[in-house]
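# Coordinate inspection notes
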Amino acid sequence: RPADPEAEAELKAVAGEVGECRSCNLYLLRENAVPGIGRPGATLMVVTPPPTDNAGELSTPLPAFEQEYLEKWMTALGLNPATDLFITPAVKCRTPGNRPPQGEESAACTGYLRRQYKAVAPRAVLALGSSGCGALTGNPGDFPSLVGRDWNWGAVPALVLWTPAEVLANPGRLRGPVWDALQRLKVAWNDVPGSQL
């Protein structure tokens, strides 16, 4: 889908605000914020755990090996990772020692995530790990009950999955369920009428 100039401007505005944000104490440790990468009109919005230590403003939120594995999933689904994905971390600043974000840290980024969602207008949302899940539901503890299940976030189909690192560490147990769930998500996003975006 063609990009909307107003939506592009909104994503740039969010990125600028993220870089100056002081809504939680993570700004005290911030070297770089990672607002996300991608464009309006992307088919899929991917919500990841917080960025890692070496991530920069224009970096993908995921480490390189996880990004590569995610892109393999997306290519297998018929998506072009360069144009069909918008990838953003649940929390835009890294956390000390790469620990899971605390509730106030996640809450501080919720408004940014919702603005990005509105600007991107994806056909589906994929949340990775408990942090990604918590960004959508408000509670990372929802991860065990939602992982791999079909549900909706707002007007579009949503899916919570393990992170690529978790799948790579447990391929025999997780690769099959992940692929089955992603195929179901593709069917669901193909059924989303344009009017819901």
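Read on for an overview of the structure. (Residues numbered from 1 in each chain as written. Predicted model: local features only at pLDDT ≥ 70, side-chain atom pairs only at ≥ 80, totals over all residues. Heavy atoms only, no water.)

For the chain, the helix and strand inventory stands at 7 helices and 5 strands. When the helices and strands of the chain are read in sequence order from the N terminus, they spell out α-β-α-β-α-β-α-α-β-β-α-α. A compact globule built from 197 residues should have a C-alpha radius of gyration of about 16 Å, and the chain, at 15 Å, falls within 12% of that. Each principal axis of the C-alpha atoms in the chain carries an extent, and together these give about 40 × 40 × 25 Å. (Helix = DSSP H or I, 4+ residues; strand = E, 2+ residues; numbered from the N terminus. Rg over C-alpha atoms; globule rule 2.2 N^0.38 Å.)

With that settled, consider helix α4 (residues 129-137). Since the α-helix advances by 3.6 residues per turn, residues separated by three or four positions end up pointing in the same direction. When you tally the buried positions in α4, you get 7 out of 9 residues, the bulk of the element. Phi turns positive one or two residues past the end of α4, at Gly138, with a value near 90°. (Buried < 20%, exposed > 50% of the residue type's maximum accessible area, 1.4 Å probe, protein only.)

A few words on the sheet that holds strand β1 (residues 44-48). Spatially, the 5 strands line up as an open sheet ordered β2-β1-β3-β5-β4, and their pairing is mixed. The open sheet terminates on both sides in strands that have one partner only, identified here as β2 (85-89) and β4 (151-153). Averaged over all pairs of adjacent strands, the angle between their axes in this sheet comes to 30°, without regard to strand direction. Lying on the sheet, α4 is in contact with β1, β3 (124-128), β4 and β5 (156-161); it crosses β3 at an angle near 135°. (Pairing = 2+ DSSP bridges. Axes fitted to C-alpha atoms, helices over the stretch in contact; angles between N-to-C directions. Contact = heavy atoms within 4.5 Å.)

Right, let's talk about the pairing of β5 for a bit. Most of β5 sits out of view: 6 of its 6 residues are buried. Bridge analysis of β4 against β5 gives 3 bridges, and the strand direction is antiparallel. Pairing of Trp153 across the sheet is with Val156, part of β5. Between the antiparallel neighbours β4 and β5 lie 2 residues, among them Gly154 with a positive phi of about 65°.

For the rest of this paragraph, the subject is the packing of helix α1 (residues 5-20) against helix α3 (residues 103-120). Running from N to C, α1 and α3 point in directions that differ by 160°, and their axes come no closer than 9 Å. The angle between the axes of α1 and α3 places the two elements in the roughly antiparallel class. The crossing of α1 and α3 is left-handed. Contacts between α1 and α3 involve Ala7, Glu10, Leu11, Ala13, Val14, Glu17 and Val18 on the former and, on the latter, Tyr112, Arg115, Gln116, Ala119 and Val120. Residue classes in the contact of α1 with α3 are distributed as 8 nonpolar, 1 polar and 3 charged. (Parallel < 35°, antiparallel > 145°, perpendicular 65-115°, else oblique. Left-handed = near helix turned anticlockwise from the far one by under 90°. Nonpolar A, V, L, I, M, F, W, Y, C, P; charged D, E, K, R; others polar.)

Looking at the secondary structure, you find Thr163 in the loop between β5 and α6 (164-169). Assessed through its relative accessible area of 10%, Thr163 is described here as buried. In this structure, Thr163 is in contact with Pro49, Glu66, Leu128 and Gly129, ignoring residues within four places of it in sequence.

With respect to the helices, strands and loops of the structure, Lys92 is situated in the loop between β2 and α3. For Lys92, which is buried and forms no salt bridge, the nearest opposite charge comes from Glu17, at a distance of 11 Å. In terms of polar contacts, Lys92 uses its side chain to reach the side chain of Thr88, at 2.6 Å. A distance of 2.9 Å separates the side chain of Lys92 from the side chain of Gln116, its partner in a polar contact. (Lys, Arg positive; Asp, Glu negative; His and termini not counted. Salt bridge = Lys/Arg side-chain N within 4 Å of Asp/Glu carboxyl O. Polar contact = N/O pair within 3.5 Å; in protein donor to acceptor, adjacent residues only side chain to side chain.)

With that settled, the discussion passes to the nonpolar core. Core analysis: the biggest nonpolar cluster contains 48 residues, and Leu44, Trp73, Met74, Leu126, Leu161 and Leu182 have the highest contact counts within it. When residues in this core are grouped by element, the largest group, 6 residues, is from helix α7 (residues 171-190). Leaving out residues up to four positions away in the same chain, Leu126 has contacts with Leu44, Met45, Val46, Val47, Leu70, Met74, Leu159, Leu161 and Leu182. The next biggest cluster of nonpolar side chains, apart from the first, holds 11 residues, and it includes Cys24, Leu26, Cys93 and Ala108. (Core = buried A, V, L, I, M, F, W, Y, C linked by side-chain atoms within 4.5 Å.)

Here the structure, examined in full by the defined rule, presents 2 aromatic pairs. Both rings, one in Tyr117 and one in Trp153, keep their centres 4.9 Å apart while their planes meet at 70°; by these two values the pair is edge-to-face. With Tyr117 in helix α3 and Trp153 in strand β4, this pair connects stretches of sequence that are 36 residues apart. (Phe/Tyr/Trp six-rings, centres within 6.5 Å; stacked < 30°, edge-to-face > 60°.)

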